[in-house]
There are 2 protein chains.
Amino acid sequence: MDSGELAERIRAGDRRALARAITLVESARADHRAQAVALLAALGQGRQALRIGLSGTPGVGKSTFIEAFGLMLTGQGLKVAVLAVDPSSARSGGSILGDKTRMERLSRDPRAFIRPSPSQAQMGGVARRTREATALCEAAGFDVVLVETVGVGQSEVMVAGMTDLFMLLMAPAGGDELQGVKRGIMEMADLILVNKADGDLKAAALRTCADYAGALRLLRRRPQDPAGFPRAMTVSAVEGAGMAEAWAEMRALADWRRDNGWFAAARAAQARTWFEEEVRAGLLARLDRPGPLRARMEDLGESVAAARISPAAAAAELLALIESGAGALDAGSESP
Amino acid sequence: MDSGELAERIRAGDRRALARAITLVESARADHRAQAVALLAALGQGRQALRIGLSGTPGVGKSTFIEAFGLMLTGQGLKVAVLAVDPSSARSGGSILGDKTRMERLSRDPRAFIRPSPSQAQMGGVARRTREATALCEAAGFDVVLVETVGVGQSEVMVAGMTDLFMLLMAPAGGDELQGVKRGIMEMADLILVNKADGDLKAAALRTCADYAGALRLLRRRPQDPAGFPRAMTVSAVEGAGMAEAWAEMRALADWRRDNGWFAAARAAQARTWFEEEVRAGLLARLDRPGPLRARMEDLGESVAAARISPAAAAAELLALIESGAGALDAGSESP
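About the cut-offs
Residues numbered from 1 in each chain as written. Chains lettered and ligands numbered in written order. Predicted model: local features only at pLDDT ≥ 70, side-chain atom pairs only at ≥ 80, totals over all residues. Heavy atoms only, no water. Helix = DSSP H or I, 4+ residues; strand = E, 2+ residues; numbered from the N terminus. Buried < 20%, exposed > 50% of the residue type's maximum accessible area, 1.4 Å probe, protein only. Pairing = 2+ DSSP bridges. Axes fitted to C-alpha atoms, helices over the stretch in contact; angles between N-to-C directions. Contact = heavy atoms within 4.5 Å. Polar contact = N/O pair within 3.5 Å; in protein donor to acceptor, adjacent residues only side chain to side chain. Lys, Arg positive; Asp, Glu negative; His and termini not counted. Salt bridge = Lys/Arg side-chain N within 4 Å of Asp/Glu carboxyl O. Core = buried A, V, L, I, M, F, W, Y, C linked by side-chain atoms within 4.5 Å. Right-handed = clockwise from strand over helix to strand, strands pointing away. Parallel < 35°, antiparallel > 145°, perpendicular 65-115°, else oblique. Left-handed = near helix turned anticlockwise from the far one by under 90°. Nonpolar A, V, L, I, M, F, W, Y, C, P; charged D, E, K, R; others polar. Least-squares fit on C-alpha atoms with pLDDT ≥ 70 in both. Phe/Tyr/Trp six-rings, centres within 6.5 Å; stacked < 30°, edge-to-face > 60°. Buried area = accessible area lost by both parts, 1.4 Å probe.

## A look at unusual backbone geometry
For residues besides glycine, phi is generally negative; the peptide bonds are generally trans as well.
All names here are of chain A.
Line of reasoning, step 1. A cis geometry characterises the amide bond from Phe229 onward to Pro230, with omega recorded as -5°.
Line of reasoning, step 2. As for its position among the elements, Pro230 is in the loop between α11 (202-218) and β7 (231-234).
Line of reasoning, step 3. The phi torsion at Lys196 lies on the positive side, around 70°, for a residue other than glycine.
Line of reasoning, step 4. Here Lys196 shows up in the loop between β6 (191-194) and α11.
Line of reasoning, step 5. With a relative accessible area of 26%, Lys196 lands in the partly exposed category.
Line of reasoning, step 6. Phi is positive for Ala307, which is not a glycine, with a value near 60°.
Line of reasoning, step 7. When you line up the elements, Ala307 lands in the loop between α14 (292-305) and α15 (311-323).

## As for the sheet that holds strand β4 (residues 144-150) of chain B
Residues and elements named next belong to chain B.
Line of reasoning, step 1. Overall, parallel pairing links the 7 strands, which are arranged β3-β2-β4-β1-β5-β6-β7 in an open sheet. Each edge of the sheet is formed by a strand with only one pairing partner; in this case those strands are β3 (112-115) and β7 (231-234). Within the sheet, the average angular offset between the axes of one strand and its neighbour, ignoring direction, is 20°.
Line of reasoning, step 2. Here strand β1 (residues 50-56) runs beside β4; their pairing, made up of 7 bridges, is parallel. If you follow Gly56 over to β4, its bridge partner there is Val150.

## Some words on the environment of Arg222(A)
Residue and element names in this part refer to chain A.
Line of reasoning, step 1. With respect to the helices, strands and loops of the structure, Arg222 is situated in the loop between α11 and β7.
Line of reasoning, step 2. For the pair Arg222 and Ser117, spaced 105 residues apart in sequence, the C-alpha separation works out to 31 Å.
Line of reasoning, step 3. Setting aside its immediate chain neighbours within four residues, Arg222 contacts Glu187, Met188, Ala189, Asp190, Pro230 and Arg257.
Line of reasoning, step 4. Engagement of the side chain of Arg222 in a polar contact is seen with the backbone oxygen of Glu187, the distance being 2.9 Å.

## Comments concerning the side chain of Lys62(B)
Residues and elements named next belong to chain B.
Line of reasoning, step 1. Position of Lys62 relative to the elements: it lies in helix α4 (residues 62-75).
Line of reasoning, step 2. For the buried Lys62, no salt bridge exists, and the shortest N-O distance to an oppositely charged side chain is 4.9 Å, to Glu148.
Line of reasoning, step 3. In this view, Lys62 contacts Leu54, Ser55, Gly56, Thr57, Glu148, Thr149, Val150 and Leu169; residues no more than four positions away in its chain are not counted.

## Things to note about the sheet that holds strand β2 (residues 80-85) of chain A
Residues and elements named next belong to chain A.
Line of reasoning, step 1. With parallel pairing, 7 strands are arranged side by side in an open sheet as β3-β2-β4-β1-β5-β6-β7. The sheet is open, and its two borders are formed by β3 (112-115) and β7, each paired with just one other strand. Going across the sheet, the axis of each strand differs from the next one's by a mean of 20°, ignoring polarity.
Line of reasoning, step 2. Alignment of strand β1 (residues 50-56) against strand β5 (residues 165-170), held across 4 bridges, turns out to be parallel. In the strand pairing of β5, Ile52 is matched with Leu165.
Line of reasoning, step 3. Running over the sheet, helix α2 (residues 15-26) touches β2 and β3 and is turned about 25° from β3.

## Some points on the pattern of salt bridges
Line of reasoning, step 1. Per the stated rule, a full pass over the model turns up 56 salt bridges over all chains.
Line of reasoning, step 2. Between Arg289(A) and Glu323(B) there is a salt bridge, with its nearest N and O atoms 3.2 Å apart. With Arg289(A) in the loop between α13 (262-288) and α14 and Glu323(B) in helix α15 (residues 311-323), the pair connects residues from two separate chains.
Line of reasoning, step 3. Judged by relative accessible area, which is 10%, Arg289(A) ranks as buried.
Line of reasoning, step 4. Salt-bridge contacts for Asp225(B) lead to Arg257(B); the nearest nitrogen and oxygen are separated by 2.7 Å. In this pair, Asp225(B) sits in the loop between α11 (202-218) and β7 while Arg257(B) sits in helix α12 (residues 243-259), placing the two residues 32 residues apart along the sequence.
Line of reasoning, step 5. Look at Asp225(B) and you get buried, because its relative accessible area is 1%.
Line of reasoning, step 6. The buried category is assigned to Arg257(B), whose relative accessible area is 5%.
Line of reasoning, step 7. Where salt bridges share partners, they join Arg272(A), Glu276(A), Asp288(B), Arg294(B), Glu298(B) and Glu302(B) into one cluster.

## Overview of the nonpolar core
Line of reasoning, step 1. Grouped together as the largest cluster of nonpolar side chains are 133 residues, with contacts concentrated most on Leu136(A), Ile192(A), Leu136(B) and Ile192(B).
Line of reasoning, step 2. Not counting chain neighbours up to four residues away, the residues in contact with Ile192(A) comprise Leu168(A), Met170(A), Met186(A), Tyr212(A), Leu216(A), Arg231(A), Ala232(A) and Met233(A).

## Topic: the pairing of β6(A)
All names here are of chain A.
Line of reasoning, step 1. Burial of the side chains of β6 extends over both faces: Leu191 and Leu193 are buried on one face and Ile192 and Val194 on the other.
Line of reasoning, step 2. Across 4 bridges, the pairing between β5 and β6 is parallel. Note on β6: the bridge partner recorded for Met170 is Val194.
Line of reasoning, step 3. Two strands pair when backbone bridges link them, and β6 and β7 are joined in this way by 4 bridges, in the parallel orientation. Residue pairing in the sheet places Ile192 in a bridge with Ala232 of β7.
Line of reasoning, step 4. In the classification by handedness, the crossover that spans β6, the intervening α11 and the parallel β7 is right-handed.

## Some points on the packing of helix α1 (residues 3-11) of chain B against helix α3 (residues 30-43) of chain B
Residue and element names in this part refer to chain B.
Line of reasoning, step 1. It is the contact of α1 with α3, at a shortest axis distance of 9 Å, that shows an interaxial angle of 55°. Relative to α3, α1 is oriented oblique. Where α1 crosses over α3, the two elements pack in a sense that is right-handed. The segment α1 lies against α3, with Ser3, Leu6, Ala7, Ile10 and Arg11 engaging Gln35, Ala38, Leu39, Ala42 and Leu43.
Line of reasoning, step 2. For the contact of α1 with α3, the residue count by class is 7 nonpolar, 2 polar and 1 charged.

## A word on the relation of the copies chain A and chain B
Line of reasoning, step 1. With an RMSD of 0.1 Å, chain A superimposes on chain B once it is rotated by 180° and translated 0.1 Å along the axis. The transformation just described matches what one would write down for a two-fold rotation axis.
Line of reasoning, step 2. Comparing contact sets, 100% of the residues at the interface of chain A also lie at the interface in chain B, consistent with an isologous, same-surface contact.

## Some details on the pairing of β4(B)
Residue and element names in this part refer to chain B.
Line of reasoning, step 1. Judged by how many residues are buried, β4 sits mostly within the fold: 7 of 7 residues are covered.
Line of reasoning, step 2. Burial along β4 is two-sided: the residues Val144, Leu146, Glu148 and Val150 and Val145, Val147 and Thr149 are all buried.
Line of reasoning, step 3. Sheet analysis places strand β2 (residues 80-85) next to β4, joined by 6 bridges and oriented parallel. Considered in β4, the bridge of Ala81 is made with Val145.

## Some details on the packing of aromatic side chains
Line of reasoning, step 1. Applying the stated criterion across every chain yields a total of 6 aromatic pairs over all chains.
Line of reasoning, step 2. Taking the centre distance of 6.0 Å and the plane angle of 75° together, the rings of Phe69(A) and Trp247(A) count as edge-to-face. Of the two residues, Phe69(A) is situated in helix α4 (residues 62-75) and Trp247(A) in helix α12 (residues 243-259); the sequence distance between them amounts to 178 residues.
Line of reasoning, step 3. An angle of 10° between the planes, with centres 5.4 Å apart, marks the rings of Phe65(B) and Phe69(B) as stacked. One end of the pair, Phe65(B), and the other, Phe69(B), are both in helix α4, 4 residues apart, so they sit about a helical turn from each other.
Line of reasoning, step 4. Residue class for Phe65(B) comes out buried when judged on its relative accessible area of 1%.

## Comments concerning the interface of chain A and chain B
Line of reasoning, step 1. Across the contact, 44 residues belong to chain A and 44 residues belong to chain B.
Line of reasoning, step 2. Summed over both partners, the interface of chain A with chain B comes to about 3,900 Å²; 73% of that surface belongs to carbon and sulfur atoms.
Line of reasoning, step 3. On the chain A side of the contact with chain B, Arg272(A), Phe275(A) and Glu323(A) bury the most area, a combined 18% of that side's loss.
Line of reasoning, step 4. Our count for the chain A to chain B interface comes out at 8 salt bridges.
Line of reasoning, step 5. Our enumeration of links across chain A and chain B arrives at 8 residue pairs in polar contact (both at pLDDT 80 or more).
Line of reasoning, step 6. The dominant element in the side of chain A that touches chain B, judged by the number of residues it contributes, is α13(A), at 14 residues.
Line of reasoning, step 7. Residue classes in the side of chain A that touches chain B are distributed as 27 nonpolar, 6 polar and 11 charged.

Below you can see the structure in the form of structure tokens.
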């Protein structure tokens, strides 16, 4: 099936076509990459979903929150896609479960689409896959794309850099634990949701929320925020409490940013960053591709190891070879 | 002065020529880079010094240790160069003082050469500068090149990756603090030196040393280590105690590695890594160089920001342009 046909099926809302396309953008194979690029071009970038980043450490109740929040949205007739980003999945098996059983009801909802994190350690690969999968979900007609990640700095920065709103899901904590929250993470958050505001933990959740609210007030006001943002609020994923309020806050913030040009500006900047990262990755990928260039690099590497030539001189020689238009050198091999 | 003449002066032991050459390899200017490459090629790689990496957190007594250790070596007629690596210097002003007053006696020693860390944040730049400065010091006839760094993971890995022996200087600590030492750092160390084994702290230093020795025994035996290595010992920089013993251990380890091929193998692998990093850095540098390629990247970036083309498609277009031998595109501008 060519990219045009696959694009049609995706636009028509064919889930299997969407899943297949995401598998395509997850692939590192050069021919798959070429097909993915063609597919993304065929789909264009007309349709926009609201991209929401959600981060929280394991145990804070992310899955329960996403299921409750997602079901509320689908209950309103909205189509919701959930993409998981878990850089640790390759190593540890991941903190985000690969199977969908953790969000059983949402995964059975015809208006929802859940895609687990691929087992892929390399951050660049995860970033590309998530950006492209998000674009595919937008083209597939989803209204909200929720990008979920575990609370590890690097992946949070990545997700905040590819979403319109960034949520931080927190658990009730003692005042001292509060200090543990990295300032950098706080500064990325648009909304801090303190979960488990129910039963025995309700009082602690309210206290924690007040603590975060105080901490947020100490942060420098960001130009892309209306008055009162970033803000903190409590929710209870198990009771489904606060879901509508949280959604109202997200919509209010997104609307304000749209009206004031911040929404489009952020998307433009994110797209540009994505482009530049793709160029850098593609340029470096040439060095690993089989072909005369790679062969020459191996030879020079041997000479360097044998101290027949200095590393700097060998590097200069190889770079000069590339400069000289010797891109032609590996023209025979697959394109990135 | 051309690179041949500069090389001659460096070989002749001219300190000002050496300092000038290090300034050259520290420069980011393309013409300086070309001169640096020519100089390193002119100097060749015949002479080898013993490259010793030394890491320790601020306050552990690095400067005092290096002065005492360095003076002992120069007292034996050896020529000692000290290169500081401090990635934080650009930001915080650095934990390693820029001026030489912290090692006043050693800096006045005619057999010693001390070069402070340049204020340069970018790790790649620091790595290149340190590798090349080390090569310059070897060519200048130094017997020992001591590469000093502050105890921050990234710089320790970098220094361990460009030296023959890696020392960890530690302060006396409580058993619980011991847990704080990252396993990764322990695994890089060839020798752990517990400093301040004098006065009130002597007992604590001995206990700490025993703790580290125990921890080291738990690590997997590395093929490049003779029996008993990596090991821990106590020193007192202020009293100059343990300097000769530490040097004896370093020599014993270096000799064993030479006799068993590990020394040459490590140097070969390090040189190869250096070469490959230079190629990658040089390739990416092309994108920042003024010229038609850069201009095209700017144009495409604008189109991506305006959503006229997808980031993936724009990246593919620019990469195809580079592939097509359009390295010629920026042939007019300076070489990396």
